[in-house]
Amino acid sequence: MKDRTLLMIPGPIEFEPAVLAALGAPTTSHLDPGFVDAFGQALERMREVFLCPDGQPFVVAGTGTLAMDLAGANLIEPGDKALVVNTGYFGDRFGALLERYGAQVTHVRAPVGGRPSLDEVEAALHGDQFKLMTITHVDTSTGVITDVRGLALLAARSGVLSVVDGVCSVAGEELRAAEWDVDVAFTASQKAVGVPPGLALLMAGPQAIDAFKRRKTPVANYYADWGNWLPIMEAYEARKTSYFGTPAVNLIWALNVSLGQILAEGMEARFERHRVLGRACKQAVAALGLAQVPLQPEFAANTMTAPLYPDDIQGAELLARVKEAGAVLAGGLHPAIRTRYFRIGHMGAANQGDLLATIGALEAGLARCGYQFQPGAGVAAAAAVFDGA
Ligand code: PMP
């Protein structure tokens, strides 16, 4: 494939051929028995991927932002108080979204690249009567990972629902929704779940469903209303048909293939593979003399890396040169530092070869921009991590 470039951004990612084949297969009826079975199986598999045996899965056509709406619209009633553990752009988005549904939102913030401490979040939780708390597992704008386990425990102790934006984490970062008392977790198909963009995937635990059922006011978003989708999910899981909105048939066939592959790898092996990929990329970037956005190593996600551009290098030019060398990387997203850093995604089907090729392309791009470094240092650092894994 002489014109192929590696898509190494934090979503969409490189997809497995079997997933793309399912997407390109002739479209079936959404009432076809084969499709009903595939949809039902995908729902069952979602519980295993989210590690949430007692959760209610939802698969709805839309992007990750719809998944945020599926959480916010169904759990917030006007006047409810919500706490946002804010680690970047997607925390800001969640706050704005919750306000749209009438929530009074408080943000616990940290400097860019940082994350609020558990003590700060606990103090905020004690400061008011919140209904829910949102946690961005990996904020894709900073590459900062939060301690979902610790945060969800704090929320549970305060009787507050925890809602985890796992768009840049689910099926890559360790997330144990039931064991960690996470009430809602969601993602989008185009990230570590490994399916082209177009599906919002959400898992609601029993307490979230309970809170939804106890609502006094109608859900202010017709399309996102769990009341419309719950019977559909239950029907397909029972291998029956039902209709609210036409399912994204091909994407759901592809989702079932990808979830099958994820479970065949095994969740523990998958978490570990992402840890190794994350470590390799970070070691490589450090060996090239580039700093990173996360302020401490333990704040850095495994699914992506956010390096700062070297001084005197034009970001747009570097990314263009890296692309010429075969890898597509993403520019900055966080408004406060947008032009100062770039982002490398390494999740889902990404393998050691992809990462080594990406670091090689990064080195080629840096060299073409006149940056002084020891050629091969990044590739060697990544290879050393793989050799030790
Ligand atoms: N949350 C996070 C953490 C994300 O990374 C993204 C997408 N980059 C979203 C939400 C929104 O997803 P989408 O772009 O699919 O609407």
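Residues numbered from 1 in each chain as written. Predicted model: local features only at pLDDT ≥ 70, side-chain atom pairs only at ≥ 80, totals over all residues. Heavy atoms only, no water.

Some points on the overall build of the protein chain
Link 1 in the chain: A count of helices and strands for the protein chain gives 13 helices and 14 strands.
Link 2 in the chain: Over its C-alpha atoms the protein chain spans a radius of gyration of 21 Å, differing by no more than 12% from the 21 Å that the globule rule assigns to 389 residues.
Link 3 in the chain: By its C-alpha atoms, the protein chain is 65 × 55 × 35 Å across when sized along the principal axes.
Link 4 in the chain: Per-residue burial for the protein chain yields a buried fraction of 60% across its 389 residues. (Helix = DSSP H or I, 4+ residues; strand = E, 2+ residues; numbered from the N terminus. Rg over C-alpha atoms; globule rule 2.2 N^0.38 Å. Buried < 20%, exposed > 50% of the residue type's maximum accessible area, 1.4 Å probe, protein only.)

A short note on the environment of Val379
Link 1 in the chain: Inspection of the secondary structure puts Val379 in helix H13 (residues 377-388).
Link 2 in the chain: Take Val379: its relative accessible area is 28%, and that puts it in the partly exposed class.
Link 3 in the chain: C-alpha separation for the pair Val379 and Leu153, spaced 226 residues apart in sequence, amounts to 39 Å.
Link 4 in the chain: Among all residues touching Val379, those that are not within four sequence positions of it are Leu356, Ile359, Gly360 and Glu363. (Contact = heavy atoms within 4.5 Å.)

Points about the packing of aromatic side chains
Link 1 in the chain: In total, this model carries 13 aromatic pairs according to the counting rule given.
Link 2 in the chain: Geometrically, the ring pair formed by Phe94 and Phe186 is edge-to-face, given 5.9 Å between the ring centres and 75 degrees between the ring planes. Placement of Phe94 in helix H4 (residues 89-100) and of Phe186 in strand E9 (residues 184-188) is noted, with a sequence separation of 92 residues between them. For the pair Phe94 and Phe186, a shared accessibility class is recorded, and that class is buried.
Link 3 in the chain: The structure contains a cluster of three or more aromatic residues connected by ring pairs, namely Phe35, Phe39, Tyr236 and Trp253. (Phe/Tyr/Trp six-rings, centres within 6.5 Å; stacked < 30°, edge-to-face > 60°.)

Some points on the nonpolar core
Link 1 in the chain: Residues Leu98, Met133, Phe186 and Trp226 are the most contacted members of the largest nonpolar core, which totals 106 residues.
Link 2 in the chain: Listed in part, the 31 residues of the second largest apolar core include Leu288, Ile313, Tyr371 and Phe386. (Core = buried A, V, L, I, M, F, W, Y, C linked by side-chain atoms within 4.5 Å.)

Quick notes on unusual backbone geometry
Link 1 in the chain: Look at the link from Gly11 to Pro12: it is a cis peptide, with omega at -5 degrees.
Link 2 in the chain: Turning to its location among the elements, Pro12 is positioned in the loop between strand E1 (6-7) and helix H1 (17-24).
Link 3 in the chain: At Asp181, a position not held by glycine, the phi torsion is positive, near 65 degrees.
Link 4 in the chain: Relative to the helices and strands, Asp181 is located in the loop between strand E8 (161-165) and E9.
Link 5 in the chain: The class of Asp181 is partly exposed, set by a relative accessible area of 35%.
Link 6 in the chain: For Asp312, which is not a glycine, the phi torsion comes out positive at approximately 70 degrees.
Link 7 in the chain: Mapped onto the elements, Asp312 comes out in the loop between strand E11 (304-305) and helix H11 (315-324).
Link 8 in the chain: Classification of Asp312 by relative accessible area gives exposed; the value is 79%.

Details of the sheet that holds strand E10 (residues 199-204)
Backbone-to-backbone hydrogen bonds pair the strands of a sheet. The strands run either parallel or antiparallel.
Link 1 in the chain: Read from one edge to the other, the open sheet built from 7 strands follows the order E2-E10-E9-E8-E5-E3-E4, with strand pairing classed as mixed. Edge positions in the open sheet fall to strand E2 (56-61) and strand E4 (104-108), since each of these has one partner strand only. When the angles between neighbouring strand axes are averaged without regard to direction, this sheet yields 20 degrees.
Link 2 in the chain: In the sheet, E2 pairs with E10 via 6 bridges, with the strands oriented antiparallel. Note on E10: the bridge partner recorded for Pro57 is Met203.
Link 3 in the chain: Sheet strands in contact with helix H2 (residues 33-49) are E2 and E10, and its direction is about 125 degrees off that of E2. (Pairing = 2+ DSSP bridges. Axes fitted to C-alpha atoms, helices over the stretch in contact; angles between N-to-C directions.)

Some words on helix H8 (residues 226-237)
Link 1 in the chain: If you check H8, its first and last C-alpha atoms are 16 Å apart, about what 12 residues at 1.5 Å a residue would give, namely 16 Å.
Link 2 in the chain: Counting buried positions along H8 yields 9 of 12 residues, so the element is predominantly enclosed.
Link 3 in the chain: Of all the positions in H8, only Trp226, Asn228, Trp229, Leu230, Ile232, Met233, Ala235, Tyr236 and Glu237 are classed as buried.
Link 4 in the chain: Check the buried side of H8 and you find it contacts H2, E2, helix H3 (64-75), E9, E10 and helix H7 (206-213).
Link 5 in the chain: N-cap assignment for H8: the residue whose side-chain oxygen lies 2.7 Å from the backbone N of Gly227 is Asp225. (Expected span 1.5 Å × (residues − 1). Polar contact = N/O pair within 3.5 Å; in protein donor to acceptor, adjacent residues only side chain to side chain.)

Focus: the site of the ligand
Link 1 in the chain: Neighbouring the ligand are 13 residues, the closest being Thr63, Gly64, Thr65, Thr140 and Asp165.
Link 2 in the chain: One nitrogen or oxygen atom from the side chain of Thr63 is found 2.6 Å from an oxygen atom belonging to the ligand.
Link 3 in the chain: The separation between an oxygen atom of the ligand and a polar side-chain atom of Thr65 is 2.6 Å.
Link 4 in the chain: Summarising the interface, the protein chains cover 86% of the accessible area of the ligand, which totals 390 Å² for the free molecule.
Link 5 in the chain: Secondary-structure elements contributing two or more residues to the shell around the ligand are H3 and H4.
Link 6 in the chain: The element contributing the most residues to the shell around the ligand is H3, with 3 residues.
Link 7 in the chain: Looking at the shell around the ligand, its residues break down into 4 nonpolar, 6 polar and 3 charged. (Near = heavy atom within 4 Å. Areas by Shrake-Rupley, 256 points an atom, 1.4 Å probe, with all protein chains shown as cover. Nonpolar A, V, L, I, M, F, W, Y, C, P; charged D, E, K, R; others polar.)

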